[in-house]
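# Tertiary structure, described
Each chain, written out:
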Amino acid sequence: MQATIKLPKAFSLRDENEFYPVQHLMARLNPQLLVAHVTTGRHVAGGPTVIWGIVYLEGQPLSRAAVELALKEAGFDFDHNAPIRASSLWDTEAQAVSA
């Protein structure tokens, strides 16, 4: 079976300890899939503060806009959460082009 997935994709977890199983699953699906912690915050539907991560392809340039779009699609509440500070993920060349 094959599937096409547009990356990056964001997701939320209750606990930081849940990152290892997600990383393990992604590596088993495709060794080039990487998982990174992006921020903490609430979902647009409310509830407690959760940890937000992102799945992306190794070597894929990540712009701030692409990460924010993935978070928005996953339900991250930009109106009530602090700004995203995952600057180590941003591709500086892509950032300069989009600015």
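Residues numbered from 1 in each chain as written. Predicted model: local features only at pLDDT ≥ 70, side-chain atom pairs only at ≥ 80, totals over all residues. Heavy atoms only, no water.

### Remarks on the pattern of salt bridges
Summed over the entire model, instances satisfying the criterion amount to 3 salt bridges. As a salt-bridge pair, Glu-18 and Arg-14 come within 3.1 Å of each other at their nearest N and O atoms. When its relative accessible area of 23% is taken as the criterion, Glu-18 is described as partly exposed. For Arg-14, a relative accessible area of 70% puts it in the exposed group. (Salt bridge = Lys/Arg side-chain N within 4 Å of Asp/Glu carboxyl O. Buried < 20%, exposed > 50% of the residue type's maximum accessible area, 1.4 Å probe, protein only.)

### Side note on the packing of aromatic side chains
Throughout the structure, instances matching the rule amount to 3 aromatic pairs. Plain terms: the ring middles of Phe-11 and Phe-19 are 5.8 Å apart, the flat faces sit at 55° to each other, and that makes the pair tilted. Given the relative accessible area of 8%, Phe-19 is considered buried. Consider the rings of Trp-52 and Phe-76, whose centres lie 5.4 Å apart with planes at 90°: the pair is edge-to-face. Here Trp-52 is found in strand 3 (residues 46–57), whereas its partner Phe-76 is found in the loop between helix 2 (64–74) and helix 3 (92–98), with 24 residues between them in sequence. The pair formed by Trp-52 and Phe-76 is uniform in burial state, with each residue classed as buried. In textbook terms, an aromatic cluster arises when at least three aromatic residues are bridged by ring pairs, as seen for Trp-52, Phe-76 and Phe-78. (Phe/Tyr/Trp six-rings, centres within 6.5 Å; stacked < 30°, edge-to-face > 60°. Helix = DSSP H or I, 4+ residues; strand = E, 2+ residues; numbered from the N terminus.)

### Re the nonpolar core
Soluble, globular proteins show a tendency: their nonpolar side chains are buried together. Val-38, Ile-54, Tyr-56, Val-67, Leu-71 and Leu-89 are the most contacted members of the largest nonpolar core, which totals 14 residues. Sorting the residues of this core by element identifies strand 2 (33–43), strand 3 and helix 2 as the ones contributing at least two each. (Core = buried A, V, L, I, M, F, W, Y, C linked by side-chain atoms within 4.5 Å.)

### Some remarks on helix 2
Burial in helix 2 covers these residues: Val-67, Ala-70 and Leu-71. Buried residues in helix 2, looked at end-on, bunch into an arc of 100°, giving them a common side. Within helix 2, the exposed residues directed more than 90 degrees away from the buried face are Ala-65 and Lys-72. Contacts made by the buried residues of helix 2 are with strand 1 (9–13), strand 2 and strand 3. Where helix 2 terminates, the next one or two residues include Gly-75, which has phi positive at roughly 105°. (Arc of directions from axis to C-beta. Contact = heavy atoms within 4.5 Å.)

### Re the confidence of the model for the protein chain
Chain-level pLDDT for the protein chain is 85 on average; 87% of the residues reach the 70-or-more range. At the level of individual helices and strands, the protein chain shows its lowest average pLDDT in helix 3, which scores 44, and its highest in strand 1, which scores 95. Contacts for the low-pLDDT stretch residues 93–99, under 50 throughout, to residues beyond four places or in other chains number 3 contacts. (pLDDT = per-residue confidence, 0-100.)

### Quick look at the side chain of Thr-39
For Thr-39, the location among the structural elements is in strand 2. If near-sequence neighbours (up to four positions away) are discounted, Thr-39 is found in contact with Val-50, Ile-51, Trp-52, Phe-76 and Ile-84.

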